[in-house]
Amino acid sequence: MKNEAEWDAVVVGAGAGGAAAAYGLCQRDMSVLLLDAGPQFNPIVDYPLTESDWEAHEFPEKPGSAASITFAPGQKLTGAEPLLVSGSRGVGPLVTSGTRWMEKYYHVRGIGGTTLHFTGESHRMHPDAMKMQSRFGVAADWPIDYAELEPFYIRAEELVGVAGPASQGARWRSRGFPLPAHPLSYAARTLGRGAAALGLDWQANSRAALSRVWNGRPPCNYCGGCNNGCPRGDKGSADVTFIPAALATGRCVIRADSPVIRIEAGAGDRVTGVLVGHADGTIERIATTHLILACGAVETPRLLLASDALANESGEVGRNFMDTLDVMVGALHPDPQHARRGLPSDAISWDFNAPDAIPGVIGGCRIYNASGESELKGLAGFALRAVPGWGRTHAQSVRRWWGHSLHVGGIGESLPNRNSRVDLDPDQRDRFGIPLARISAWLDEPDIARLRFMAAKSRELLAASGAVDIFETYTSWDWFGASHVFGTCRMGADSASSVANADGRSHRWRNLWIADGSVFPSSGGGEAPSLTIHALALRTAERIGKDD
Amino acid sequence: MRRRVFIAIFGSALLGGTALLWRNLSLFWRPGFDLHIAETVKALTGLLFPGDELPGAAELGIHDRVLAMAELRDAMADGVGWFDQRAKSQGAANFLALDESARSAAIEAAFASRDEAAKQFVVLLRFYAGLNYYSHPTVKAAFPYTDPPQPEGFADFQDPPR
């Protein structure tokens, strides 16, 4: 082992939370070492959106960019759920085993983290969704309210360059979005006519994608490829926003390919440093005055549990896991749409987002134009999924219907339960001997009811828009493929039932802080979490070292 | 959020396929069988994605790309074995000895079959041959809006499709 100089703060994880925390700390003249287990990506080289076979590629994996995760057995699928069975007309059912397919946790390790492949929706929480226990008797209350978070939303939106509409209902603003909303795509306007027929509000989504030049970054050219990685730098991923801003202060050092494998605890309820594993098998100890964990709601609890259950005085580390509750429905419209053109998720309805907006079920959702996220952007995907069969009839149908697909999706509140958690796999370990994170995910009846509502509403919207020929449905009822995950180190006022306090600090460990989605006491009604993670991390960075 | 449906289906399709890997390998993988498999896969691919206004999959060499996929070798061996066995039960030497009508009927039967090897094979073949066929530059050139997303993007994203 070798020793390093002591930093004011070491931040573990260079994604939405860690990058924002590092920036916030640098703004306060603190020296920051920002570590990430994954690599540095090169957008020009790594994101193959100019290649003819682009459709066959997901966001790239590089050595170290995908964490190894294990899963507890999937939930047994009971009851007939005709609206929720995943599959397409062209390929057939996705799941035939009778149990929920625990496919993958969609997480990126690397400088920029999961923001590298996120769509870039930029949402504030619904204020009422932060008071789920006191208002509705479920989940837990956030120990802060919307008003406390609002100034940090503003800071994050300014740095990222969020483009959004003048108003978003209950999400009041002290200042407008820094950039004007993007125009709706042709397909989004087709869906908008359906929304109008149903009496739904249908508005421009707020997006971390530039509608004009901002801080030297170019505007979006509406290629629709956000989820494959943005080679232009107009999408507001952390690697082109918070990280360069942190580096510009001269007080931040970034190290990729540096997995933290253990946190060291010392006297006086303080942690003293971290151990970092290197490719050659050596272990490096790095001392720090403050430690900020921002590895996401799966890897952060893993690291704490693997460090002799650090900060788990409440027993809540790893519990209250909330996954991504979502639905996507695709249908053919009589007229060509070519919906791959434009920003993914460019239009949204917040009508059912309030926690009491869905009749008979607590917890909200949003409905949106999912055409760009459907991965049905290329000809091959369309031919295989939307058009059944083979031979000449198939070829003729592909020619007839190419470009006619529209997708509508819903994302909803995921409520915590005692069966959903992250713990340490008892059998499997990484190359440093650290147990892997194991995800157990369970849907209770209210979650399934919310999924049914989202599926029905998505179908209604498609039909009202003229797209009545449904050819595929994908839902998290039978398919776990989460990207938004929360709750495993929840924050709260009561140290007996939460891991961190309102500032993101461990209730016991005075210099241990958490700045990622794991601190969310509730998931929100389908809001994309990155902006709230940024805002919470900026707020935490404001408080670090203030009361020691 | 969702960004992985296309590839996830790809992965799901392989789940069953991997269960077949190595099974029956010794039964089918004998000298000379490679060529027979290649010819049968070529014939099947040509029927699945035939030429009409555009060149067909066989003409574009799509079968070669499928045959080059090492992870499909055993599924192909199993599947071709099923097609040959079915042809023999109808009095033919093998699948390739059937006329086009009988070959098409065999494909329909494979898609409808309860035999895991047969169904898995045609599902995988449809998927991978289709993926390669509809990604081929010659085919894509016949359809609008099939260029890569970058560097141009879509300046007409607000307009009716051209």
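Colleague: Tell me about the overall build of chain A, and please be specific about residues and values.
Modeller: Check the secondary structure of chain A and you find 11 helices and 22 strands. By the compact-globule yardstick of 24 Å for 548 residues, chain A fits well, its C-alpha radius of gyration being 22 Å. Looking at chain A residue by residue over its 548 residues, the buried ones come to 61%. Taking contacts inside chain A between residues at least 6 apart in sequence as the whole, the part at least 24 apart equals 76%.

Colleague: Explain the nonpolar core to me, and be specific about the residues and the numbers.
Modeller: Formed by 202 residues in total, the largest nonpolar core has its most connected members in A:Val11, A:Ala22 and A:Val32. Tallying contributions element by element places helix H7 (residues 116–133) of chain B first for this core, with 11 residues. Apart from the residues within four sequence positions on either side, A:Ala22 is in contact with A:Val11, A:Val32, A:Leu34, A:Ala246 and A:Cys252.

Colleague: How would you summarise the confidence of the model for chain B if you had to cite specific residues and measurements?
Modeller: Residue and element names in this part refer to chain B. Counting all residues, the mean pLDDT for chain B is 83, and 80% of those residues have values of 70 or more. Across chain B, the element-wise mean pLDDT spans from 34 in helix H2 (residues 25–28) up to 97 in helix H6 (residues 100–112). In the model, residues 1–31 has pLDDT below 50 throughout and makes 55 contacts with residues more than four positions away in sequence or in other chains.

Colleague: Before we move on, could you go through the pairing of strand S17 (residues 405–412) of chain A and cite the residues and values that matter?
Modeller: All names here are of chain A. Counting buried positions over the eight residues of S17 gives eight, a clear majority of the element. Two elements, strand S14 (residues 325–332) and S17, share eight bridges in a ladder whose sense is antiparallel. Paired with Asp326 across the bridge in S17 is Ile411. The sheet contact formed by strand S16 (residues 365–369) and S17 spans five bridges and is antiparallel. Within S17, the residue paired with Arg366 across the bridge is Ile411.

Colleague: Account for the packing of helix H4 (residues 146–160) of chain A against helix H11 (residues 530–543) of chain A, naming residues and giving values.
Modeller: Think of two packed helices as two axes; the pair is described by the angle between the axes and how far apart they sit. Residues and elements named next belong to chain A. Where H4 meets H11, the closest approach of the two axes is 8 Å, and the angle between their N-to-C directions is 110 degrees. Here H4 lies roughly perpendicular to H11, going by the angle between them. Judged by the sense of rotation from one axis to the other, the crossing of H4 with H11 is right-handed. For the pair H4 and H11, contact is made by Leu149, Phe152, Tyr153, Arg155 and Ala156 and by Leu531, His534, Ala535, Leu538 and Arg539, respectively. Here the contact of H4 with H11 is composed, by residue class, of seven nonpolar, one polar and two charged.

Colleague: I'd love a proper account of the interface of chain B and chain A, names of residues and values included.
Modeller: The extent of an interface is frequently quoted as the accessible surface area lost upon association of the parts. The partner chain A presents 56 residues to the 39 residues of chain B that form the contact. Listing elements by their share of the side of chain B that touches chain A, those giving two or more residues are helix H1 (5–20), helix H3 (33–48), H7 and helix H8 (137–140) of chain B. For the side of chain B that touches chain A, the element with the highest residue contribution is H1(B), accounting for six residues. Partitioned by chemical class, the residues of the side of chain B that touches chain A number 24 nonpolar, seven polar and eight charged.

Colleague: How would you summarise the sheet that holds S17(A) if you had to cite specific residues and measurements?
Modeller: Residue and element names in this part refer to chain A. The strand order S5-S4-S20-S14-S17-S16-S15-S9 describes an open sheet built from eight strands, whose pairing is antiparallel. With partners counted over all chains shown, the strands left at the sheet margins are strand S5 (92–93) and strand S9 (203–204), one partner each. One ladder, built from six bridges, connects S14 with strand S20 (residues 469–475); its direction is antiparallel. Within S20, the position partnered with Ala331 by the bridge is Ile470. Along the sheet, helix H10 (residues 445–464) contacts S14, S16, S17 and S20; its crossing angle with S14, the most-contacted strand, is approximately 25 degrees.

Colleague: How would you explain the sheet that holds strand S3 (residues 69–71) of chain A if you had to name every residue and give the values?
Modeller: Sheet strands associate in pairs through backbone hydrogen bonding, adopting either a parallel or an antiparallel arrangement. All names here are of chain A. Strands sit in the order S3-S19-S18 across an open sheet of three strands; the sheet is mixed. Both edges of this open sheet fall to S3 and strand S18 (421–429), since each of them pairs with a single strand only. Strand after strand, the sheet turns through a mean of 40 degrees between neighbouring axes, direction not considered. Judged from the three bridges that link them, S3 and strand S19 (residues 435–440) form a sheet pairing that is parallel. Across the sheet, residue Ile69 finds its bridge partner in S19, namely Ala437. Most of the contacts of helix H7 (residues 296–306) go to S18, to which it runs at about 65 degrees, and overall it touches S3, S18 and S19.

How each quantity is defined
Residues numbered from 1 in each chain as written. Chains lettered and ligands numbered in written order. Predicted model: local features only at pLDDT ≥ 70, side-chain atom pairs only at ≥ 80, totals over all residues. Helix = DSSP H or I, 4+ residues; strand = E, 2+ residues; numbered from the N terminus. Rg over C-alpha atoms; globule rule 2.2 N^0.38 Å. Buried ≥ 20, exposed ≤ 12 C-beta atoms within 10 Å, placed from the backbone. Contact = placed C-beta atoms within 7 Å. Core = buried A, V, L, I, M, F, W, Y, C linked by C-beta atoms within 7 Å. pLDDT = per-residue confidence, 0-100. Pairing = 2+ DSSP bridges. Axes fitted to C-alpha atoms, helices over the stretch in contact; angles between N-to-C directions. Parallel < 35°, antiparallel > 145°, perpendicular 65-115°, else oblique. Left-handed = near helix turned anticlockwise from the far one by under 90°. Nonpolar A, V, L, I, M, F, W, Y, C, P; charged D, E, K, R; others polar.

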